[in-house]
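Examination of the molecular architecture
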Amino acid sequence: AQSVTQLGSHVSVSEGALVLLRCNYSSSVPPYLFWYVQYPNQGLQLLLKYTSAATLVKGINGFEAEFKKSETSFHLTKPSAHMSDAAEYFCAVSPARDNKLIFGAGTRLAVHP
Amino acid sequence: ETGVTQSPTHLIKTRGQQVTLRCSSQSGHNTVSWYQQALGQGPQFIFQYYREEENGRGNFPPRFSGLQFPNYSSELNVNALELDDSALYLCASMGQGNTEAFFGQGTRLTVV
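Summary of the structure given here. Sequence order sets the numbering: in each chain, residues are counted from 1 along the sequence as written. Both sets of labels track the order of writing: A upward for chains, 1 upward for ligands. Local features are withheld for residues below a pLDDT of 70 in this predicted model, meaning they are given only at 70 or higher, and side-chain atom pairs are given and counted only at 80 or more; totals for whole chains, interfaces and linings count all residues. Side-chain figures throughout are based on the complete set of non-hydrogen atoms in the structure, without hydrogens or water.

Before going further, it helps to examine the interface of chain B and chain A. By the convention used here, residues are in contact when the closest approach between their heavy atoms is within 4.5 Å. If you look at the interface, chain B gives 21 residues, while chain A gives 18 residues. Joining two parts hides part of their accessible area as seen by a 1.4 Å probe, and the buried area is that hidden amount summed over both. Of the roughly 1,500 Å² buried between chain B and chain A, counting both surfaces, carbon and sulfur atoms make up 51%. When the buried surface of chain B facing chain A is broken down by residue, B:Pro43, B:Thr99 and B:Phe103 rank first, second and third, together holding 34% of it. Salt bridge criterion: a side-chain nitrogen from Lys or Arg within 4 Å of a carboxyl oxygen from Asp or Glu. The tally of links from chain B across to chain A stands at zero salt bridges.

Below you can see the structure in the form of structure tokens.
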């Protein structure tokens, strides 16, 4: 069965430090992959998506992610954290490329001064 | 702003009651999906509708049902509410051939 694993339910970084949020997936075929962000009491906002074009995907707010098929990973990075990046981040996979999304459990990012 | 609106934003129901949640899709989007997000968890796929027909269903019992209307708005109905149904319910819409799902702000359902 397809699944998504996000390593680390909580990540804390200093403002200006590198952000690295990990995501591994299982899928029998090359999937579409997504990262979403959720601020308190809000819905989900798309950060970026991989749909089998370039393996390094750039998204909004300075985030990017690299699709590594050999590692079945799609880790999210940002070179320099900002206080406004504090939120819950979800990795999701669409195995059949039909936007029926399977989400990971999420990683809560805290950014401290 | 995504253009997907959900109503109501919050509601409280008693165990055993029935509830209807509503979603207005983004203009031009003919596909809508519903997700359940329990506290501290990722969203779980309930079902998807495409042009008024159910087009896939997750691991949810039949008491979770839905409708999509000709204007592509949608409803999620839950019968015989249980305490574990307490969650944030998210609606997402997509245009044909689009790879991005646009989410609404969700409806927070509390079952007491």
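Summary: where empty space remains is shown by rolling a probe the size of a single water molecule over the atoms. Here the largest pocket is characterised by a volume of approximately 270 Å³. Here the residues of the lining of the largest pocket are counted per class, giving six nonpolar, six polar and three charged. Using only the protein atoms, space was sampled on a 1 Å grid; points where a 1.4 Å probe fits but cannot get out form cavities, open sets with protein on both sides within 12 Å along at least five of seven lines form pockets, and lining residues are those with an atom within 4 Å of a point. Grid points are joined across faces, edges and corners, and a volume is the space filled by probe spheres set on the points. Ten residue types, Ala, Val, Leu, Ile, Met, Phe, Trp, Tyr, Cys and Pro, are classed as nonpolar, four, Asp, Glu, Lys and Arg, as charged, and the remainder, Gly among them, as polar.

Counting residues in each nonpolar core, the largest one holds 26 residues, and the members touching the most others are A:Trp35, A:Leu47, A:Leu48, A:Phe74, A:Leu76 and A:Tyr89. Runs of H or I in DSSP of at least four residues are treated as helices and runs of E of at least two as strands, each being numbered from the N terminus. Among the secondary structure elements, those contributing two or more residues to this core are β2 (10-14), β3 (19-26), β4 (32-38), β5 (44-50), β7 (64-68), β8 (73-78), β9 (87-94) and β11 (107-112) of chain A. Beyond its immediate chain neighbours, meaning those up to four positions away, A:Tyr89 contacts A:Gln6, A:Leu21, A:Trp35, A:Tyr36, A:Val37, A:Leu47, A:Phe63, A:Leu76, A:Gly106, A:Thr107 and A:Leu109. Counting residues in each nonpolar core, the second largest holds 21 residues, with B:Leu11, B:Trp34, B:Tyr49 and B:Tyr89 among its members. The definition of a nonpolar core used throughout is a set of buried Ala, Val, Leu, Ile, Met, Phe, Trp, Tyr and Cys residues joined through side-chain atoms within 4.5 Å. Under the scheme applied here, a residue whose accessible area is under 20% of the maximum for its type counts as buried, over 50% as exposed, and between as partly exposed, the area being computed with a 1.4 Å probe on protein chains only.

Before going further, it helps to spend a moment on the state of the cysteines. All names here are of chain A. Any cysteine sulfur atom paired with another within 2.5 Å is treated as part of a disulfide. For the coordinates displayed, the defined rule picks out two disulfides over all chains. In this model Cys23 forms its disulfide with Cys91; the gap between the sulfur atoms is 2.0 Å. Because the torsion about its S-S bond is -60 degrees, the bridge between Cys23 and Cys91 counts as left-handed. Highlighted residues: Cys23 in strand β3 and Cys91 in strand β9, separated in sequence by 68 residues. According to the relative accessible area criterion, Cys23 is buried, its value standing at 0%. Owing to a relative accessible area of 0%, Cys91 belongs among the buried residues under this scheme.

Residues and elements named next belong to chain A. Positionally, Ser84 belongs in the loop between β8 and β9. In this structure, the C-alpha to C-alpha distance between Ser84 and Val4, residues 80 residues apart in sequence, is 26 Å. Whenever two N or O atoms come within 3.5 Å, that pair is a polar contact, provided that in protein one can donate a hydrogen and the other can accept it, and provided that, for residues adjacent in sequence, both atoms are side-chain atoms. Side-chain polar atoms of Ser84 contact the side chain of His82, separated by 2.9 Å.

Residue and element names in this part refer to chain A. Whether two aromatic rings pair depends on their centres lying within 6.5 Å, for rings of Phe, Tyr and Trp, where Trp uses its six-membered ring; planes under 30 degrees apart make the pair stacked, over 60 edge-to-face, and the rest tilted. Taken as a whole and assessed by the stated rule, the structure comprises 14 aromatic pairs over all chains. Seen in terms of ring centroids, Phe63 and Tyr89 are 5.5 Å apart; in terms of plane orientation they differ by 45 degrees. Their pairing is tilted. On the criterion of sequence distance, the pair formed by Phe63 in the loop between β6 (56-58) and β7 and Tyr89 in strand β9 is long-range, its members being 26 residues apart.

Before going further, it helps to examine the environment of A:Arg108. Residue and element names in this part refer to chain A. Looking at the secondary structure, you find Arg108 in strand β11. Taking relative accessible area as the criterion, Arg108 reaches 42% and is therefore assigned partly exposed. Among all residues touching Arg108, those that are not within four sequence positions of it are Ser9, His10, Val11, Ala87 and Glu88. Side-chain polar atoms of Arg108 contact the side chain of Glu88, separated by 2.9 Å.

Attention now moves to the sheet that holds strand β8 (residues 74-78) of chain B. Residue and element names in this part refer to chain B. In space, the four strands of this open sheet follow the order β1-β3-β8-β7, with antiparallel pairing throughout. Of all the strands in the sheet, just β1 (5-7) and β7 (64-68) have a single pairing partner and so form its edges. Neighbouring strand axes in the sheet, compared pairwise and without regard to direction, differ in orientation by 20 degrees on average. The criterion for strand pairing is that DSSP finds at least two bridges linking the strands in question. Sheet topology note: the β1/strand β3 (residues 19-24) ladder contains three bridges and is antiparallel. The residue bridging Ser7 from the neighbouring strand is Arg22, located in β3. Axis lines are fitted through C-alpha atoms, for helices just across the contact stretch, and the angle between N-to-C directions can take any value from 0 to 180 degrees.

The next thing to look at is the pattern of salt bridges. Counted under the stated rule, the structure contains seven salt bridges over all chains. The residue A:Glu64 makes a salt bridge to A:Lys58 at a minimum N-O spacing of 2.7 Å. Salt-bridge contacts for A:Glu88 lead to A:Arg108; the nearest nitrogen and oxygen are separated by 2.9 Å. With a gap of 20 residues between them, A:Glu88 in strand β9 and A:Arg108 in strand β11 connect regions that are remote in the sequence. On the accessibility criterion, A:Glu88 (11% relative accessible area) is buried. Taken together, the shared-partner salt bridges in this structure form one network comprising B:Arg63, B:Glu82 and B:Asp85.

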